[in-house]
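# Geometric and topological summary
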Amino acid sequence: MPAQSIWTLLSWGPDGWSDDIAYGVVVTVLLALATLPIGLTIGFFIALGKQSEEPSLRLAANIYTTVFRGLPELVTLFLFFFGVPILLQHLIRYFRPEATIDVNSFIAGMIVLSLIFSSYASEVFLSAFRAIPKGQYEGGYAIGLSYGQTMRLVILPQLLRIAFPGLENCWLSLLKDTSLVSVVGLAETLRNAGVAARVTKHSFLFYGVAALVFLALAVVSSFATSAILRSLGKREAQR
C-alpha cells in the first residue's frame with residue numbers, strides 16, 4: 001500500500017476515517033465510565049451478601065456471580081438485547097397491543113457490562129473484606145461507632161486500598177469488553193474500525209488501529225490507576 005494512501009485513509013475529513021475512529025473511542029470510553037460506578041456498586045453489595053449471616057442472601061449472591069461469571073459475555077449480551085424486548089412485548093401486549101419495544105444498544109451494553117463487571121468485582125471486594133481483621137470492626141464498635149459509621153470510617157478506606165489492584169484488572173477487562181457491544185450496532189471503536197475495513201478493504205490497517213487504541217487506553221488507565229493508588233496510600237498513611 002502506498003504511504004500516501006495510508007495517510008489519506010487515516011486523515012480527518014471526508015476522505016479519511018480518523019474522525020469515525022475518534023468518535024468510536026469516545027463512545028468506548030463513555031460506555032466504560034458509565035458502566036464502572038454501577039458495576040462497583042452492585043459488586044460491593046453482592047460481596048456484602050456473600051458474607052452475610054442470612055443464608056438466603058448468601059445463596060442469592062452466589063447464584064448471581066455463578067450465572068454472570070459462567071455465561072459467555074456475548075451470550076449474555078444477546079439474551080438481554082434480543083430476549084428482553086420479546087419478554088416485555090408479551091407483557092405489554094395485554095395493555096397496549098400496538099406498542100413496540102426497542103432496546104438502545106448503549107443502554108443494553110451498559111447494563112450487561114455492569115452485570116458482568118459486578119460479578120467479578122464482587123469477588124475482589126469479598127477477598128478484601130476477608131483480608132481486614134475482625135478486630136477493625138470490634139475496635140469501631142468499642143469507641144461507639146455504629147455499623148454504618150464503622151464501615152464508612154474504618155473499613156472502606158482499607159477496603160479500597162486492598163481491593164484496588166484487583167479492581168484495576170477488572171477495569172482493564174471492562175475496557176476490552178466494550179468491543180462486544182459492536183455486535184448489536186453500537187458505533188464504538190471496533191465497529192467503526194470494522195466499517196472502515198470493509199469499505200476500504202484494508203482490514204489489517206484499521207483493525208491494527210483499533211488494537212493500538214485499546215492498548216493506548218490500557219496504558220493511560222495504568223498511569224491513572226497508579227496515581228490513584230499512590231493517593232490512597234498517602235491518605236492511609238495520614239490516618
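Quick note: structure is the one above.
Residues numbered from 1 in each chain as written. Predicted model: local features only at pLDDT ≥ 70, side-chain atom pairs only at ≥ 80, totals over all residues. Heavy atoms only, no water.

Where helix H2 (residues 18-50) contacts helix H8 (residues 189-200), the axes come no closer than 7 Å and their chain directions differ by 160°. With respect to H8, the axis of H2 lies roughly antiparallel. Relative to H8, H2 is oriented so that their crossing is right-handed. Two secondary-structure elements touch here, H2 through Asp-20, Ile-21, Tyr-23, Gly-24, Val-25 and Thr-28 and H8 through Thr-189, Asn-192 and Ala-193. (Axes fitted to C-alpha atoms, helices over the stretch in contact; angles between N-to-C directions. Helix = DSSP H or I, 4+ residues; strand = E, 2+ residues; numbered from the N terminus. Parallel < 35°, antiparallel > 145°, perpendicular 65-115°, else oblique. Left-handed = near helix turned anticlockwise from the far one by under 90°. Contact = heavy atoms within 4.5 Å.)

A cluster of nonpolar residues, Leu-59, Ile-63, Val-67, Leu-71, Val-75 and Leu-79, forms a patch on the protein surface that exposes about 490 Å² of accessible area. When residues of the nonpolar patch are assigned to their parent elements, the largest contribution, three residues, is made by helix H3 (residues 55-70). In this fold, Leu-59 is placed in helix H3. Judged by its relative accessible area of 53%, Leu-59 falls in the exposed class. (Patch = residues over 30% accessible without salt bridge, like charges linked within 9 Å, V, L, I, M, F, W, Y side chains within 5 Å. Areas by Shrake-Rupley, 256 points an atom, 1.4 Å probe, with all protein chains shown as cover. Salt bridge = Lys/Arg side-chain N within 4 Å of Asp/Glu carboxyl O. Buried < 20%, exposed > 50% of the residue type's maximum accessible area, 1.4 Å probe, protein only.)

Right, let's get into the packing of aromatic side chains. Throughout the structure, instances matching the rule amount to seven aromatic pairs. Consider the rings of Phe-44 and Phe-125, whose centres lie 5.8 Å apart with planes at 90°: the pair is edge-to-face. Separated by 81 residues along the polypeptide, Phe-44 in helix H2 and Phe-125 in helix H5 (residues 105-131) bring together distant segments of the chain. Among the aromatic residues, those joined into a ring-pair cluster are Phe-44, Phe-45, Phe-125 and Phe-129. (Phe/Tyr/Trp six-rings, centres within 6.5 Å; stacked < 30°, edge-to-face > 60°.)

In short, geometric facts, not functional conclusions.
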